[in-house]
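# Fold and geometry: a report
Chain residues, written in single-letter form:
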Amino acid sequence: MRKFIIGGNWKCQVTIVEEAVSIATEIAKEINDILTENVEVFIAPSYNALYSVGQVIKGTKLKLAGQNMYFRDKGAFTGEISPDSLLDAGCEYVILGHSERRRIFGETDSYINQKVKKALEKGLKPVLCIGETAKEKEEGQTETVIQTQIENSLADIPQEQLNQIIIAYEPVWAIDNKFLNPDSEIKTATPEEAEKIHVFIRKLLINKFGDNVGKNILIQYGGSMKASNCEGLLNIADINGGLIGGASLSAEKFKPIIEAAIKLGK
Ligand code: 13P
């Protein structure tokens, strides 16, 4: 039986609480009765809507995630969000090191590493995002970039916490984001392209953490995943789910991806 984790990253797309609550209510209603125990689903709304969305999905199978987090508990850190605030809203997961954080807001691996450690200390499951840009891919740097991001972002994590981590491989060139891809056409990775990198990541994780941990860390694919292409991607053995942007913004678009995971997980 295969395990999958499907995440909806709403980015800064749903700006009004009422709208976020309505989408979350609809998603929870549509998936609650069909979800099987080997498929986990989370959504990551904007901070302003986290608490309200947390309240409406409480008691359903849908989980809540933060899109980012600071690595200190509290203090004079203008504009940041504390792990305690995420927990208070009901989060189980937190997306860390998303390409938009790395490439637009300048977050570095060592900064992300501190966030991963803090999330684990607090009992939040980090979804660590990694991925190469179109230029890095063209220059044949994909594997080097990914290896560096994994090694540095996951440096010095206590062994017993490693099984809480999820990796999201999101090739930047596949993310539906014009700021990150001003000059290149945005296209989903083919199942073959994605498989090659997921197998590489799996090997890295096994080398770094040993068989027991490395084989079991879930690796999501992200980047223009949608109903029409999700099955081909989720069919790959080392693709253990998806991190979805645009196609997670309504129950209508999100549900078919979850259904594909349920089908493949049987
Ligand atoms: P899209 O699915 O909109 O390409 O976004 C992917 C992503 O960045 C999810 O974190």
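For the structure, check the block above.
Just so it is clear, the model here is predicted, and its values are computed rather than measured. (Residues numbered from 1 in each chain as written. Predicted model: local features only at pLDDT ≥ 70, side-chain atom pairs only at ≥ 80, totals over all residues. Heavy atoms only, no water.)

### Brief notes about the nonpolar core
Short version of the rule: In these notes, a set of buried Ala, Val, Leu, Ile, Met, Phe, Trp, Tyr and Cys residues joined through side-chain atoms within 4.5 Å is what counts as a nonpolar core. Exposed residues in this analysis have more than 50% of their type's maximum accessible area, buried residues have under 20%, and partly exposed residues fall in between, with area computed by a 1.4 Å probe over protein chains only. The helix count covers DSSP runs of H or I at least four residues long, the strand count covers runs of E at least two residues long, and both are numbered beginning at the N terminus.
Residues Ile6, Ile167, Ile201 and Leu234 are the most contacted members of the largest nonpolar core, which totals 73 residues. Top contributing element to this core by residue count: helix α11 (residues 251-264), with eight residues. Counting twelve residues, the second-largest nonpolar core is a separate cluster that includes Tyr93, Ile95, Ala168 and Leu218.

### Describing unusual backbone geometry
Of note in the backbone geometry, aspartate 156 takes a positive phi value of approximately 55° without being a glycine. With respect to the helices and strands, the residue aspartate 156 is situated in the loop between α7 (142-153) and β6 (166-169). Phi at serine 224 is positive, roughly 55°, even though this residue is not glycine. Note that serine 224 resides in the loop between β7 (218-222) and α10 (227-234).

### Describing the pairing of strand β8 (residues 241-244)
Keep this limit in mind: Crossover handedness is defined by viewing with both strands directed away from the observer: a clockwise path from the first strand over the helix to the second marks the crossover as right-handed.
The alternating pattern of β8 places Gly241 and Leu243 on one face and Gly242 and Ile244 on the opposite face, and all of these are buried. Handedness of the crossover joining β7 and β8 through α10 is recorded here as right-handed.

### Overview of the side chain of asparagine 240
Cut-off, in case you're wondering: Here a polar contact means two N or O atoms within 3.5 Å. Within protein one must be a hydrogen donor candidate and the other an acceptor candidate, and residues neighboring in sequence count only if both atoms are side-chain atoms. Residues are treated as being in contact if the distance between any of their heavy atoms lies within 4.5 Å.
Within the element layout of this structure, asparagine 240 appears in the loop between α10 and β8. Side chain to side chain, asparagine 240 and arginine 202 meet in a polar contact 2.9 Å long. Residues within four places of asparagine 240 in sequence aside, it is in contact with Lys3, Phe4, Ile5, Arg202, Ile217, Leu218 and Ile219.

Remember, this is a structural readout, not a statement about activity or role.
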